[in-house]
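# Survey of secondary and tertiary structure
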Amino acid sequence: MTDFPGSPDSAARERDAAESASAFAHPAVAPDRTAAYGDHPDQVVDFYAPRDGRTGAPLVVLLHGGAWRSPYDRAHVSPLADFLARRGFAVANVEYRRGGDDIPRQRAGAEPGAGSTGPVAGRWPETFDDVAAALDAMPALASRELPGADVRRIVVSGHSAGGHLALWAAARHVLPEGSPWRLPAPPSLRGVVALAPIADFATAVGLGVCGGAVTQLLGGEAGAALGGDAGSALGGDAVAVERAAHADPGVLLPTGIATAIVHGVEDIVVPPAVSEAYVDAAARSGETVGLTLLGGVGHFPLIDPSADACAVVAEELAQLAW
């Protein structure tokens with residue numbers, strides 16, 4: 001994690017470490033079914049049936065976080081998937097291609113110095129190819145693998161980098177003309193619940209979120225300049241700026257899709273200012289996005305079934321799904 005202006009003190013870091021340890025302490029929960037939406041090993045979806053056996057359950061499509069980097073896969077949110085299944089949801093836990101050590105760091109836009117070691121964040125265009133393909137295939141896959149799911153009531157959710165992807169998936173119909181992921185009409189979703197999402201790229205870059213992950217995801221040469229819009233925040237790099245127009249939820253507004261964000265006030269991984277910037281951008285576009293700020297909560301309790309914040313997440317999903 002890269003420090004940002006107003007860098008957290010030792011108490012905040014200790015809180016974050018304890019919350020992270022709690023969230024990752026849960027053993028992975030095996031799915032009821034797994035299905036492929038493509039030929040690559042990462043193009044798979046784990047399905048969890050509602051634990052009460054109900055039929056007609058709304059489907060939560062879950063996109064995991066981890067800064068779009070390969071060490072973090074869908075297993076770490078499988079306890080959340082199980083938690084939601086026990087709350088009466090059908091759940092589809094999506095895997096997608098992330099960045100790894102095999103991606104040349106210069107091409108991926110890594111900065112020298114802090115934050116430049118370890119796997120690169122994301123693969124362009126594969127990360128977006130996969131999320132688009134998974135969502136397009138979801139109604140047919142879920143109908144086959146979870147006959148009890150009601151694919152007319154789909155809510156997309158995601159945490160952190162997965163929250164970014166959830167917001168992006170709901171905005172594909174407002175992508176620039178010619179985008180390979182653009183939909184001709186709004187996707188058939190009941191809504192989006194984004195959890196501590198990397199929702200606004202300019203703000204995330206300005207705060208150094210996840211060690212320069214946004215600039216790495218976009219694949220341009222990282223810029224050092226910080227500014228109030230995507231172009232200046234990305235240092236004017238032409239590749240990154242052009243790609244941001246296809247990938248930044250903060251500029252893909254309005255969507256017309258019901259959207260809610262849940263964010264911890266004490267989050268030092270993705271500060272709440274990132275979500276607040278997205279909500280402000282939505283308001284300027286004429287759209288209202290719900291923002292629930294949880295006091296005394298950091299980044300990881302939102303996916304931790306043992307934390308009270310997880311119940312808030314389930315309630316936000318329920319409000320859109322039922």
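## Looking at the overall build of the protein
Along the protein, the regular secondary structure elements total eleven helices and eight strands. Looking at the protein as a whole, 59% of its 322 residues are labelled buried. Here the contacts in the protein between residues at least 6 apart in sequence split such that 75% fall between residues at least 24 apart. For the protein, the exposed surface amounts to about 12100 Å²; the carbon and sulfur share of it is 52%.

## Section: the packing of helix α2 (residues 78-86) against helix α11 (residues 308-321)
Direction vectors running N to C along α2 and α11 enclose 55 degrees, while the axes themselves pass 11 Å from each other. Overall, the two elements α2 and α11 adopt an arrangement that is oblique. Regarding α2 and α11, the two cross each other, and that crossing is right-handed. Seen from α2, the contacting residues are L80, F83 and L84; seen from α11, they are C310, A311, A314 and L317. Here the residues of the contact of α2 with α11 sort into seven nonpolar, no polar and no charged.

## Focus: the pairing of strand β5 (residues 149-159)
Most of β5 sits inside the fold, with nine of its eleven residues counted as buried. As defined by bridge partners, strand β3 (residues 57-63) adjoins β5 across seven bridges and the pair is classed as parallel. Within β5, the residue paired with P58 across the bridge is D150. Since β5 and strand β6 (residues 191-195) lie parallel, the crossover through helix α5 (residues 161-169) that links them has a hand, and here it is right-handed.

## Some points on α11
Helix length check: α11 (14 residues) gives 20 Å between terminal C-alpha atoms against 20 Å at 1.5 Å per residue, within 8%. Buried residues in α11 make contact with β3, α2, β5, β6, β7 (259-264) and β8 (290-294).

## Topic: the packing of aromatic side chains
Inspection of the entire model under this criterion finds eight aromatic pairs. Members of the aromatic cluster, each reached through a chain of ring pairs, are W124, F128, W168 and W181.

## Topic: the side chain of H173
Locating H173 in the fold gives a position in the loop between α5 and β6. Overall, H173 belongs to the buried group, its relative accessible area being 11%. Looking at H173, its side chain comes within polar contact range of the main-chain oxygen of T255, at 2.7 Å. Residues within four places of H173 in sequence aside, it is in contact with R182, L183, A185, P186, P187, T255 and I257.

## Details of the sheet that holds β3
Read across the sheet, eight strands follow the order β1-β2-β4-β3-β5-β6-β7-β8 without closing on themselves; strand pairing throughout is mixed. The open sheet has two free edges, formed respectively by β1 (33-36) and β8, since each of these has just one partner strand. Strand-to-strand twist in this sheet, taken as the mean axis angle between neighbours without regard to direction, amounts to 20 degrees. Across four bridges, the pairing between β1 and strand β2 (residues 44-48) is antiparallel. Each residue of the ladder has a partner; that of A36, found in β2, is V44. Its contacts with the sheet place helix α4 (residues 126-145) against β1, β2, β3, β4 (90-94) and β5, and it is angled at close to 40 degrees to β2.

Criteria and thresholds
Residues numbered from 1 in each chain as written. Predicted model: local features only at pLDDT ≥ 70, side-chain atom pairs only at ≥ 80, totals over all residues. Heavy atoms only, no water. Helix = DSSP H or I, 4+ residues; strand = E, 2+ residues; numbered from the N terminus. Buried < 20%, exposed > 50% of the residue type's maximum accessible area, 1.4 Å probe, protein only. Contact = heavy atoms within 4.5 Å. Areas by Shrake-Rupley, 256 points an atom, 1.4 Å probe, with all protein chains shown as cover. Axes fitted to C-alpha atoms, helices over the stretch in contact; angles between N-to-C directions. Parallel < 35°, antiparallel > 145°, perpendicular 65-115°, else oblique. Left-handed = near helix turned anticlockwise from the far one by under 90°. Nonpolar A, V, L, I, M, F, W, Y, C, P; charged D, E, K, R; others polar. Pairing = 2+ DSSP bridges. Right-handed = clockwise from strand over helix to strand, strands pointing away. Expected span 1.5 Å × (residues − 1). Phe/Tyr/Trp six-rings, centres within 6.5 Å; stacked < 30°, edge-to-face > 60°. Polar contact = N/O pair within 3.5 Å; in protein donor to acceptor, adjacent residues only side chain to side chain.

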